[in-house]
Amino acid sequence: MRKIGLVTGAGAVALGLVLAACNSASSGEDDGSTSVVASFYPLEEAASQVGGDLITVENLTPPGVEPHDLELAPDDIETIANADVVVYLGGGFQPAVEDALAETEDAVTVDALAAVDTVPAPPGEAEEGLTVDPHVWLDPARFEQLVRAVAAGLSDADPANEVTYGSNAEAYVAELAALDEEFRTGLSDCERTTIVTSHEAFGYLADAYGLTEVAIAGLSPEAEPDAQEIAELLDLVEQQGVTTIFAEELVSPKVAETLAEEAGIEVDVLDPLESLTDEQVEAGEDYVSVMQENLDRLRAALDCV
Ligand SMILES: [Zn+2]
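Calculation rules
Residues numbered from 1 in each chain as written. Predicted model: local features only at pLDDT ≥ 70, side-chain atom pairs only at ≥ 80, totals over all residues. Heavy atoms only, no water. Donors = N, O, S within 2.8 Å, 3.2 Å for Na, K, Ca; no water. Tetrahedral: all angles 85-135°; square planar, octahedral: opposite > 155°, others 65-115°. Helix = DSSP H or I, 4+ residues; strand = E, 2+ residues; numbered from the N terminus. Buried < 20%, exposed > 50% of the residue type's maximum accessible area, 1.4 Å probe, protein only. Salt bridge = Lys/Arg side-chain N within 4 Å of Asp/Glu carboxyl O. Phe/Tyr/Trp six-rings, centres within 6.5 Å; stacked < 30°, edge-to-face > 60°.

Caption draft 1: Structural view of the coordination of the zinc ion. The coordination sphere of the zinc ion, as far as protein atoms go, consists of His 68 (NE2), His 135 (NE2), His 199 (NE2) and Glu 274 (OE), spread over 1.9 to 2.0 Å. Considering all four donor atoms around the zinc ion, the spread of angles at the metal, 104 to 116°, places the coordination shape in the tetrahedral class. For the zinc ion, the donor residues sit on a single chain with the sequence spacing H-x66-H-x63-H-x74-E. Of this pair, His 68 sits in the loop between β3 (55-59) and α3 (74-82) while Glu 274 sits in the loop between β9 (266-269) and α11 (278-282); the two residues are 206 residues apart in sequence, bridging distant segments of the chain. Both residues of the pair, His 68 and Glu 274, count as buried.

Caption draft 2: Summary view of the pattern of salt bridges. As enumerated under the stated definition, the model contains five salt bridges in all. For Glu 170, the salt bridge is made with Arg 148, and the minimal N-O distance between the two is 2.8 Å. Highlighted residues: Glu 170 in helix α7 (residues 162-186) and Arg 148 in helix α6 (residues 140-157), separated in sequence by 22 residues. Under the relative-accessibility criterion, Glu 170 is labelled partly exposed at 38%. The class for Arg 148 is partly exposed, based on a relative accessible area of 40%.

Caption draft 3: Quick peek at unusual backbone geometry. For Asp 69, which is not a glycine, the phi torsion comes out positive at approximately 55°. Looking at the secondary structure, you find Asp 69 in the loop between β3 and α3. For Asp 69, a relative accessible area of 37% puts it in the partly exposed group. One non-glycine residue with positive phi stands out, namely Leu 273, at about 55°.

Caption draft 4: Summary view of the packing of aromatic side chains. On inspection of all chains with the given rule, the structure shows six aromatic pairs. Taking 4.9 Å as the distance between ring centres and 75° as the angle between the ring planes, the aromatic pair formed by Phe 40 and Trp 137 counts as edge-to-face. Remark: Trp 137 occurs in the loop between α5 (123-127) and α6 and Phe 40 occurs in the loop between β2 (34-38) and α2 (41-51); sequence separation between them is 97 residues. With respect to burial, Phe 40 and Trp 137 carry one shared label: buried. Note on Phe 143 and Tyr 172: the rings are 6.3 Å apart at their centroids and 80° apart in plane angle, and the pair reads as edge-to-face. A residue pair is termed long-range when its members are at least 10 positions apart, and Phe 143 in helix α6 and Tyr 172 in helix α7 qualify at 29 residues.

In structure tokens form, the structure reads like this:
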């Protein structure tokens, strides 16, 4: 399924330029910069890379908080209402953010999910409100598309700096293309191709590099496996000679640990980059550096040459 990137001002494309002019006049707190609200970390990173010093970015999901079904405080809703640009992920990933957007009048809104190729959520997930698999940022090539959509949104809100947004976006896209190449090379010759993960965040990544993801939980981290699913997972681990079960920082590793113990294999961490922890922020980690760590861990678990 291919969707065209959606960048709309108050839902009306034709009004984009007029609204953008209003936004420029009222933009920023006091320094004239364009105020951007990002609904969680990867979107904050994309906006910062594209906007640089020309924008201020506020992330609605605090460090260390898991962004699925994020709840908003009244302050957050006001922040959204006052923003020049709101970058979010549609498709039921953060319904509260989508609801709050209905209240905004002037902001340029960028649904990053509408800007990239997606696959539908499996039937069970649709009941939980997810229409498509939201984890597009974990595939560097899809993240490139997302970055370009953010550049289009910023340019819509602040046309005077369109050239800078465009060139910043292309510079970051070049970094992402290099990362994509690292993954392609690094995962091209591996003993195994099946990865067992905590929640089903790595489908696009697996698809991009010829891996198969088997997740303990579903697309949302809250889903828990039943006894039959656990038995099936244990079978699969044995059949495929899986050596590692991947847990993640922000979700309890209990089920992963129990499974690994029963199967007599290792637990390692694969970071779905839904949020950086305070420690990661302090250590200067970012999307590219964490993805490189993920690659190292995947290569170790799959015995890649
Ligand atoms: Zn997720």
